[in-house]
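Residue-level listing of the chains:
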Amino acid sequence: SGEQLSAQYLVAAVGQLHKPSVPQFAGAESFAGASFHSARWDHSVDLAGKSVAVIGNAASAVQFVPQIADRVGQLTIYQRSANWLAPKRDKPFTQRQKALMRRFPLIKDLSRLKTYLRNELLVYPTMKGNRLTSWLLRSGCLAYLNGTIEDAALRQKLLPDYPIGAKRILTANGYYEALTRDNVELVTEPVERFDAGGITTSDGQRRAADVVIYATGFVTNPFLDGIHISGRRQKPLHEHWAGGAHAYLGIATHGFPNLFFLYGPNTNLGHNSILLMVEAQVGHVLRAMQLAARLDAEAVEVREDVEASYDTAIQRRLANMTWSRIEASWYKVGERVTNNWPGSVGEYRRLLRAFRAEHWQAGGT
């Protein structure tokens with residue numbers, strides 16, 4: 001709108017998974033039907049009885065496909081690669097259970113603790129390549145796949161060709177079940193081109209479509225894409241991060257005083273709740289601001305040598321994580337893992353609980 005705001009500090013808390021990513025397909029502009037990204041759902045489009053094409057089959061698709069499969073006439077899902085999928089451990093709480101939790105809050109706390117510990121003690125070691133936990137998770141995912149999909153050819157299409165944990169492990173109920181419906185087809189041949197009324201794949205087969213829904217994820221690199229931030233000497237942040245985003249503790253980068261990130265570089269998780277990370281970040285950011293206030297300084301920023309040393313140590317650890325065992329994913333820029341934290345949630349929270357004033361420099365802007 002052109003409005004200008006002035007503040008001493010800027011906290012970028014815009015998240016990572018919010019800007020839709022839509023691949024460029026030949027002829028897509030000629031498609032005559034409705035098309036939209038799943039994160040920008042067009043509720044004016046009636047899917048009842050329509051031939052619907054879903055491009056993508058990861059975290060977005062596994063959520064909405066079960067909700068529309070019984071309403072559409074034909075549902076065609078175009079899969080680029082298979083995903084490890086586990087059943088979601090969700091079930092409604094009964095009124096009695098809710099009443100007990102209100103009366104005895106410790107019950108709720110213990111329930112949450114069980115979820116936290118399962119992720120920390122079972123899923124996180126898998127990201128480190130632990131053979132036992134990897135086998136346990138893989139066995140659980142395979143049991144769900146084999147127990148739901150009877151068709152051997154379809155099972156083979158849904159079997160990932162990479163180590164479990166190297167990409168996001170999906171949890172959902174109903175996706176595999178939806179694929180067994182007579183009006184649902186899974187296509188693994190790459191999309192070659194669109195035309196006014198359908199999609200042709202690399203094997204030359206054309207399938208008609210009235211509606212196209214892109215379940216193609218989000219722009220995660222570069223970080224803060226579309227937001228233009230300048231630091232000292234007006235250096236743009238995207239130039240500073242040209243080789244891949246980096247930040248001390250994921251919350252600050254040298255040369256950009258008074259700028260902080262929540263859910264910044266190398267703080268994403270493949271195993272637990274990001275809220276636990278963000279809570280720790282908020283506390284640390286506040287302590288950095290308090291340091292500037294105590295020193296009566298206009299600005300505070302992380303020291304360059306401290307950030308460089310931290311980044312080197314983090315990347316060394318990431319090289320041994322399962323995410324580095326595949327060529328490409330949204331976790332990476334080239335060979336550099338920019339998104340994920342290599343430790344446990346407990347380790348990160350302990351690290352941020354200890355604010356080290358000597359890692360920061362305060363002064364003027």
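Cut-off values and rules
- Residues numbered from 1 in each chain as written.
- Predicted model: local features only at pLDDT ≥ 70, side-chain atom pairs only at ≥ 80, totals over all residues.
- Heavy atoms only, no water.
- Axes fitted to C-alpha atoms, helices over the stretch in contact; angles between N-to-C directions.
- Helix = DSSP H or I, 4+ residues; strand = E, 2+ residues; numbered from the N terminus.
- Parallel < 35°, antiparallel > 145°, perpendicular 65-115°, else oblique.
- Contact = heavy atoms within 4.5 Å.
- Patch = residues over 30% accessible without salt bridge, like charges linked within 9 Å, V, L, I, M, F, W, Y side chains within 5 Å.
- Areas by Shrake-Rupley, 256 points an atom, 1.4 Å probe, with all protein chains shown as cover.
- Salt bridge = Lys/Arg side-chain N within 4 Å of Asp/Glu carboxyl O.
- Buried < 20%, exposed > 50% of the residue type's maximum accessible area, 1.4 Å probe, protein only.
- Phe/Tyr/Trp six-rings, centres within 6.5 Å; stacked < 30°, edge-to-face > 60°.
- Lys NZ or Arg CZ within 6 Å of the ring centre and 35° of its normal.
- Pairing = 2+ DSSP bridges.
- Core = buried A, V, L, I, M, F, W, Y, C linked by side-chain atoms within 4.5 Å.
- Polar contact = N/O pair within 3.5 Å; in protein donor to acceptor, adjacent residues only side chain to side chain.

1. What about the packing of helix α3 (residues 105-127) against helix α4 (residues 131-148)?
Now for step 1: Look at α3 against α4: their axes get within 8 Å of each other, and the N-to-C directions meet at 105°. With respect to α4, the axis of α3 lies roughly perpendicular. On α4, the residues touching L121, L122, V123, P125 and T126 of α3 are T133, S134, L136 and L137.

2. Remarks on a nonpolar patch on the surface
Now for step 1: A surface patch of nonpolar side chains, about 490 Å² in accessible area, is lined by L106, L110, L113, L117 and L121.
Now for step 2: Within the secondary structure, L106 is located in helix α3.

3. Describing the pattern of salt bridges
Now for step 1: The full count for this structure, using the stated rule, is eleven salt bridges.
Now for step 2: The shortest N-O distance in the salt bridge between K88 and D90 comes to 3.7 Å.
Now for step 3: The closest approach of N and O atoms between R193 and E192, which form a salt bridge, is 2.6 Å.
Now for step 4: Overall, the relative accessible area of 39% leaves R193 in the partly exposed class.

4. Some words on the packing of aromatic side chains
The geometry of two aromatic rings is summed up by the distance between their centres and the angle between their planes.
Now for step 1: A complete count under the given rule lists 16 aromatic pairs for this structure.
Now for step 2: Between the aromatic rings of Y175 and Y176, the centroid separation amounts to 6.3 Å while the plane-to-plane angle is 40°, which identifies the pairing as tilted.
Now for step 3: You can call Y176 buried: its relative accessible area is 3%.
Now for step 4: On the basis of an interplanar angle of 70° and a centroid distance of 5.0 Å, the ring pair of W341 and Y348 is categorised as edge-to-face. Side by side, W341 and Y348 carry an identical accessibility label, which is buried.
Now for step 5: In textbook terms, an aromatic cluster arises when at least three aromatic residues are bridged by ring pairs, as seen for Y9, Y248, F260, Y310, F355 and W360.
Now for step 6: Note that R317 overlies the ring of W341, its terminal NZ or CZ placed 5.7 Å from the centroid.

5. A closer look at the sheet that holds strand β10 (residues 206-208)
The pairing of strands in a sheet happens through backbone hydrogen bonds and is either parallel or antiparallel.
Now for step 1: Here three strands make up an open sheet; going across it, the order is β8-β9-β10 and the pairing antiparallel. Sheet topology places β8 (191-195) and β10 at the edges, where each strand pairs with a single neighbour. Neighbour to neighbour, the strand axes of the sheet diverge by 25° on average, direction disregarded.
Now for step 2: Two strands pair when backbone bridges link them, and β8 and strand β9 (residues 198-201) are joined in this way by four bridges, in the antiparallel orientation. Residue pairing in the sheet places V191 in a bridge with T201 of β9.

6. Section: the packing of helix α8 (residues 274-294) against helix α10 (residues 345-353)
Now for step 1: Two elements in contact, α8 and α10, have axes whose closest approach is 9 Å; the angle formed by their N-to-C orientations is 10°. On the basis of their axis angle, the class for α8 and α10 is roughly parallel. Taken together, the residues of α10 that come into contact with α8 (itself represented by L276, M277, E279, A280, Q281, H284 and R287) are V345, Y348, R349, L352 and R353.

7. Points about the sheet that holds strand β4 (residues 74-78)
Now for step 1: Spatially, β2-β11-β3-β4-β7 is the arrangement adopted by the five strands of the open sheet, whose pairing is parallel. Each of the sheet's edge strands pairs with one partner strand only, and the pair in question is β2 (34-37) and β7 (184-187). Averaged over all pairs of adjacent strands, the angle between their axes in this sheet comes to 15°, without regard to strand direction.
Now for step 2: The pairing of β2 with strand β11 (residues 211-214) spans four bridges and is parallel. Within the sheet, the bridge partner assigned to H37 lies in β11 and is Y214.
Now for step 3: Relative to β4, helix α1 (residues 61-68) is tilted by about 165°, and along the sheet it contacts β3 (51-55), β4 and β11.

8. Regarding unusual backbone geometry
Now for step 1: Between N221 and the following residue, P222, the backbone shows a cis peptide bond with an omega angle of 5°.
Now for step 2: With respect to the secondary-structure elements, P222 resides in the loop between β11 and α7 (237-240).
Now for step 3: Positive phi is not limited to glycine here, since Q234 has a value of about 60°.
Now for step 4: With respect to the secondary-structure elements, Q234 resides in the loop between β11 and α7.
Now for step 5: In the Ramachandran plot, Y263 falls in the positive-phi region, its phi being about 60° despite a non-glycine side chain.
Now for step 6: Within the element layout of this structure, Y263 appears in the loop between β12 (259-261) and α8.
Now for step 7: Exposure remark for Y263: the relative accessible area of 15% places this residue in the buried category.

9. Considering the nonpolar core
In globular proteins that are soluble, nonpolar side chains generally tend to be buried together.
Now for step 1: Core analysis: the biggest nonpolar cluster contains 75 residues, and L75 and W360 have the highest contact counts within it.
Now for step 2: With seven residues, the top contributor of residues to this core is α8.
Now for step 3: With sequence-adjacent residues up to four places away left out, W360 is seen in contact with Y248, I251, A252, F260, H284, A288, L291, V300, E301, V302, R303 and F355.
Now for step 4: Formed by twelve residues, the second largest nonpolar core is a distinct cluster that contains F25, V191, I199 and V212.

10. Some thoughts on the side chain of N83
Now for step 1: Structurally, N83 is set in the loop between β4 and β5 (85-86).
Now for step 2: Here the side chain of N83 touches N57 through a polar contact of 3.3 Å, landing on its backbone oxygen.
Now for step 3: Residues contacting N83, with those up to four places away along its chain left out, are N57, A58, L158, P160, Y162, L170 and Y176.

Treat this as a map of the structure, not an account of what it does.
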